Amino acid sequence: MKTLYDVQQLLKKFGIFVYVGKRLWDIELMALELDNLHRSQVIDDQIFIKARMVLTREHRLEEKRAAKEEQNRGKKVDRY
């Protein structure tokens with residue numbers, strides 16, 4: 001398990017489809033669903049850890065991307 005798509009496919013096996021409309025929120029909801037599956041002992045520790053690591057990495061990247069976009073918006077200067 002290496003990508004967010006892989007985690008989505010794992011959740012899909014259990015009938016869990018996540019689409020909130022904002023990527024960061026989707027990642028957070030996937031993490032909650034994954035926690036619930038693990039707590040219910042539906043998935044084993046190894047799969048849980050790998051999926052959680054993917055979600056953590058994707059969440060961090062998405063936060064950086066959002067911060068960079070916000071910073072770029074602040075730098076735009078209206079010439080008129």
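Just above sits the structure.
Residue numbering note: each chain is counted from 1, following its sequence as written. Selection of residues for local features in this predicted model requires a pLDDT of at least 70, selection of side-chain atom pairs for listing and counting requires 80 or more, and totals for whole chains, interfaces and linings are taken over all residues. The side-chain numbers reported here are obtained from all heavy atoms of the structure, hydrogens and water having been left aside.

1. Observations regarding the overall build of the protein chain
Selection criterion: Secondary structure elements follow DSSP: runs of H or I of four or more residues count as helices, runs of E of two or more count as strands, with numbering from the N terminus. Under the scheme applied here, a residue whose accessible area is under 20% of the maximum for its type counts as buried, over 50% as exposed, and between as partly exposed, the area being computed with a 1.4 Å probe on protein chains only. Contacts are assigned to residue pairs with any non-hydrogen atoms lying within 4.5 Å of each other. For accessible areas, the Shrake-Rupley method is used with a probe of radius 1.4 Å. Any residue's cover is judged against the shown protein chains and nothing else. Working convention for charge: Lys and Arg count positive, Asp and Glu count negative, and His plus the chain ends are omitted. The location of each charge is read from NZ of Lys, CZ of Arg, CG of Asp or CD of Glu.
When its secondary structure is counted, the protein chain shows 3 helices and 0 strands. With respect to the three principal axes, the spread of C-alpha positions in the protein chain is 60 × 20 × 20 Å. Taken over 80 residues, the protein chain has a buried fraction of 28%. Considering only contacts within the protein chain whose residues lie at least 6 apart along the sequence, 53% involve residues at least 24 apart. For the protein chain, the exposed surface amounts to about 6300 Å²; the carbon and sulfur share of it is 52%. Between the centroid of the 17 positive side chains of the protein chain and the centroid of its 13 negative side chains there is a distance of 6 Å.

2. Remarks on the side chain of Glu62
Rules: Here a polar contact is recorded for every N or O atom pair within 3.5 Å, except that within protein the pair must consist of a potential hydrogen donor and a potential acceptor, and residues adjacent in sequence are included only if both atoms are side-chain atoms.
Tracing the backbone through its elements, the reader meets Glu62 in helix H3 (residues 45-75). Of the polar contacts made by the side chain of Glu62, one reaches the side chain of Arg65; its length is 2.4 Å. Discounting residues that sit within four places of it in the chain, Glu62 has contacts with Arg23, Leu24 and Ile27.

3. Regarding the packing of helix H1 (residues 4-13) against helix H2 (residues 23-39)
This is how it is decided: To obtain an axis, a line is fitted to C-alpha atoms, over the contacting stretch when the element is a helix, and the angle between two such axes runs from 0 to 180 degrees between their N-to-C directions. In this scheme, roughly parallel covers angles under 35 degrees and roughly antiparallel covers those over 145, while 65 to 115 is roughly perpendicular and the rest are oblique. For a crossing to be left-handed, the near helix must be turned anticlockwise from the far one by less than a right angle; the clockwise case is right-handed.
Close contact between H1 and H2 brings their axes to 11 Å; oriented N to C, the two are set at 45°. In terms of orientation, H1 and H2 fall into the oblique class. Crossing angle aside, the handedness with which H1 passes H2 is left-handed. Between H1, through Leu4, Val7, Gln8, Leu10 and Leu11, and H2, the contact on the second element is made entirely by Arg23, Ile27, Met30, Glu33, Leu34 and Leu37.

4. Regarding unusual backbone geometry
Of note, Gln41 is a non-glycine position whose phi angle comes to about 60°, a positive value. Residue placement: Gln41 occurs in the loop between H2 and H3. Under the relative-accessibility criterion, Gln41 is labelled exposed at 70%.

5. Some thoughts on the side chain of His59
For His59, the location among the structural elements is in helix H3. The class of His59 is buried, set by a relative accessible area of 18%. Among the polar contacts listed, one links the side chain of His59 to the side chain of Glu28, at a separation of 2.9 Å. In contact with His59, not counting residues within four places along its chain, are Leu24, Ile27 and Glu28.

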